[in-house]
Amino acid sequence: MSPLSPRLQLKVQQKQILTPGLVQMVTVLQLNRLELREMIAEEIAQNPVLEDTGEGAEELTPAEVQALLEAERAPDPSDAAVLQVTNEAAVATYEGESDGYDAPEIAETAAVASSDFETQVSTEAAQATDPFDQIDFGSYFDEWMDPGFRSPAAEDPDKPGFETFLSSPVTLTEHLRQQLALLVMDPEVRDAADAIIGNLDDTGYLSIELGEIAQSEGYSLEALESALEEIQCLEPAGVGARSLQECLLLQLESRNARGSVAWQIVENHLKLVESKSVKDLCRLLGRPAEHILTALEVIRHLDPKPGIRYSGPGARQVAPDVYISKDGDDYIIQISDEDLPQLRLNGSYRRLLDREQEPDKETRNYIKERFQSALQLIRNIEQRKQTIVKVCQAIIGRQAEFFEHGVDHLRPMMIKDVAEEIGVHPSTVSRAVSSKYAHTPQGVFELRFFFSEAVQGPSGGGIPLQTLKRMVKKMIDEEDPAKPLTDDHIAALLQGQGIEVTRRTVAKYREDMKIPSTHHRRVRN
């Protein structure tokens, strides 16, 4: 037989296949609270049988779904997967201690709600005979005569919401144009100033030449120069500068410091400021060291990026996903899910699962798929909650000294160690702590903060990398400014404490903490 001829052969092969339900479980586990809320909102919009408990519709329990699917099971064997998912969801959702759901209680509540609804309808029908009885004149006059606080329920729903009156951040462009509107200038200069403001970067600098603006916008160079002078007189001081030197000089001029020692240093010897060469500045300017040090202190308080306060992203708001509090000798773990929609199955689609009420098989199959998807989502959300709780319990057990005494008592901890303790794959733990924060007695920390490798050495086995960085920073903060520590000296000091670390490792940690090198930290007198 030719080696190129077609032939059949059998082989055994193992392949890992991710089902849609498993993909969704992995995705839900990785989301933080805000992202999960957005995902649930999208699922509610796409799945008609899924709804929030606050919507007030009839709730359909998994037991009722199972009874309806049993009627369809004999002629349609494809219901096996749906029935299996329904049974698993019923066990996971309604037998868990944390859920608080109970099918008999829900059925009883539905019956009471139905009777209350019939009573309310009959009462409203009786009241509809007299239109004057529909007006509560007592509450109306009490509200009209009361000058005090009016509850939100009494507010007119057509009025704008409270969010309309909240202030929004003012950008640098808006701030400058508001000031520009108060100045009296030639119309051509005003238009040129508006064009220059539009070309400023986030730091407030003008990064392109005036000639390019004149060529692209069609303004004269004289008008652009006059407009730039007007912009450089606006707040914040230093805006519209074309270099760092010009920015600092504009700020000194706004403080009436033209011609001062600080002005002379910035104008002629700016490079010596970076190297802190006090002795050279004294010799070049003919001033005593006290004057030079005072001038350097003034320069240090200037803002090299005046526009960043209006263009920056602002403070980052963190919403903790987990709250860890101490109650006696024990720690209580509480998942922050109060603002998450409490999902349930919409009972109004119950009739669409019955063959007698809905003869169309495609419609019944579609509703079955929607119920299966809804149950899978509810189960995955509960699985996410349980996994995060288990990970936090392992963290508390391994970092007990941190929760008692603070950051200095943080211990090394690896993701694989926690995964082995709770019996999951390390990737599951990694997803469980991804982009999630915990509110602890020591402050708010990212869950990944608790995981760190141990430092090598006889004394470094119990020291995590975060603590080592804090030790390096403390040494630099306590050093002599005239003789700062080099990376070799810091490495030698750490090795003297039994921590095996190299000079390159110290340099890497220093750069991560944005600490300047020895040359830039040295103060020359």
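Anyway, here's the lowdown on the structure attached to this text. (Residues numbered from 1 in each chain as written. Predicted model: local features only at pLDDT ≥ 70, side-chain atom pairs only at ≥ 80, totals over all residues. Heavy atoms only, no water.)

Before going further, it helps to spend a moment on the overall build of the chain. For the chain, the count of helices and strands is 24 helices and 7 strands. Residues counted as buried form 35% of the 525 residues belonging to the chain. A separation threshold of at least 6 residues defines the contact pool for the chain, and within that pool the share at least 24 residues apart is 63%. Put simply, the chain shows about 32,300 Å² of open surface, and 51% of that area lies on carbon and sulfur atoms. (Helix = DSSP H or I, 4+ residues; strand = E, 2+ residues; numbered from the N terminus. Buried < 20%, exposed > 50% of the residue type's maximum accessible area, 1.4 Å probe, protein only. Contact = heavy atoms within 4.5 Å. Areas by Shrake-Rupley, 256 points an atom, 1.4 Å probe, with all protein chains shown as cover.)

Our focus in this paragraph is the sheet that holds strand S7 (residues 443–446). An order of S4-S3-S6-S7 is seen for the 4 strands of this open sheet, with the pairing classed as mixed. Edge positions in the sheet fall to strand S4 (330–335) and S7, since each has one partner strand and no second. Taking each pair of neighbouring strands and ignoring which way they run, the sheet shows an average axis angle of 25°. Direction of pairing for strand S3 (residues 322–327) relative to strand S6 (residues 437–440): parallel, over a ladder of 2 bridges. The partner of Tyr323 across the bridge, within S6, is His439. Running over the sheet, helix H17 (residues 361–398) touches S3 and S4 and is turned about 155° from S4. (Pairing = 2+ DSSP bridges. Axes fitted to C-alpha atoms, helices over the stretch in contact; angles between N-to-C directions.)

With that out of the way, let us pick up the side chain of Asn32. Following the sequence through the fold, Asn32 ends up in the loop between helix H1 (20–30) and helix H2 (33–46). Separated by 3.3 Å, the side chain of Asn32 and the backbone nitrogen of Leu34 make a polar contact. Only 2.8 Å separates the side chain of Asn32 from the backbone nitrogen of Glu35, close enough to count as a polar contact. Not counting the four nearest positions on each side in its chain, Asn32 is found in contact with Asp321, Arg384, Ser435 and Lys436. (Polar contact = N/O pair within 3.5 Å; in protein donor to acceptor, adjacent residues only side chain to side chain.)

Further remarks concern the packing of aromatic side chains. Inspection of the entire model under this criterion finds 9 aromatic pairs. With a centroid separation of 6.3 Å and 55° between ring planes, the pair formed by Phe402 and Phe449 is classed as tilted. Separated by 47 residues along the polypeptide, Phe402 in helix H18 (residues 400–405) and Phe449 in the loop between S7 and helix H21 (465–477) bring together distant segments of the chain. For Phe402, a relative accessible area of 0% puts it in the buried group. Aromatic pair Phe402 and Phe450: ring centres 5.2 Å apart, planes at 85°, arrangement edge-to-face. On the criterion of sequence distance, the pair formed by Phe402 in helix H18 and Phe450 in the loop between S7 and H21 is long-range, its members being 48 residues apart. When its relative accessible area of 1% is taken as the criterion, Phe450 is described as buried. Members of the aromatic cluster, joined through ring pairs, are Tyr331, Phe402, Phe403, Phe445, Phe449 and Phe450. (Phe/Tyr/Trp six-rings, centres within 6.5 Å; stacked < 30°, edge-to-face > 60°.)

At their nearest, the axes of helix H8 (residues 187–198) and helix H10 (residues 221–231) sit 8 Å apart, and the two run at 65° to each other. Taken together, the axes of H8 and H10 lie roughly perpendicular to each other. Judged by the sense of rotation from one axis to the other, the crossing of H8 with H10 is right-handed. Here Glu188, Val189, Ala192, Ala193, Ile196 and Ile197 of H8 lie close against H10, whose contacting residues are Ala223, Leu224, Ser226, Ala227, Leu228 and Ile231. (Parallel < 35°, antiparallel > 145°, perpendicular 65-115°, else oblique. Left-handed = near helix turned anticlockwise from the far one by under 90°.)

What follows deals with the pattern of salt bridges. The tally for this structure, following the rule as stated, stands at 18 salt bridges. Ionic pairing is found between Arg37 and Asp339, a salt bridge with its closest N-O pair at 2.8 Å. Of this pair, Arg37 sits in helix H2 while Asp339 sits in the loop between S4 and strand S5 (343–346); the two residues are 302 residues apart in sequence, bridging distant segments of the chain. On the basis of relative accessibility, which here comes to 28%, the residue Asp339 falls in the partly exposed class. (Salt bridge = Lys/Arg side-chain N within 4 Å of Asp/Glu carboxyl O.)

A cis amide bond, omega 0°, links Glu235 with the succeeding residue Pro236. Inspection of the secondary structure puts Pro236 in the loop between H10 and helix H11 (244–254). The residue Ser435 is not glycine, and still its phi comes out positive at about 55°. Checked against the element boundaries, Ser435 lands in the loop between helix H20 (426–432) and S6. Note on Ser435: relative accessible area 37%, which makes it partly exposed. Despite not being glycine, Lys514 has its phi angle at roughly 55°, a positive value. A relative accessible area of 74% means that Lys514 is categorised as exposed.

Remember that the coordinates give geometry; whether it matters functionally is a separate question.
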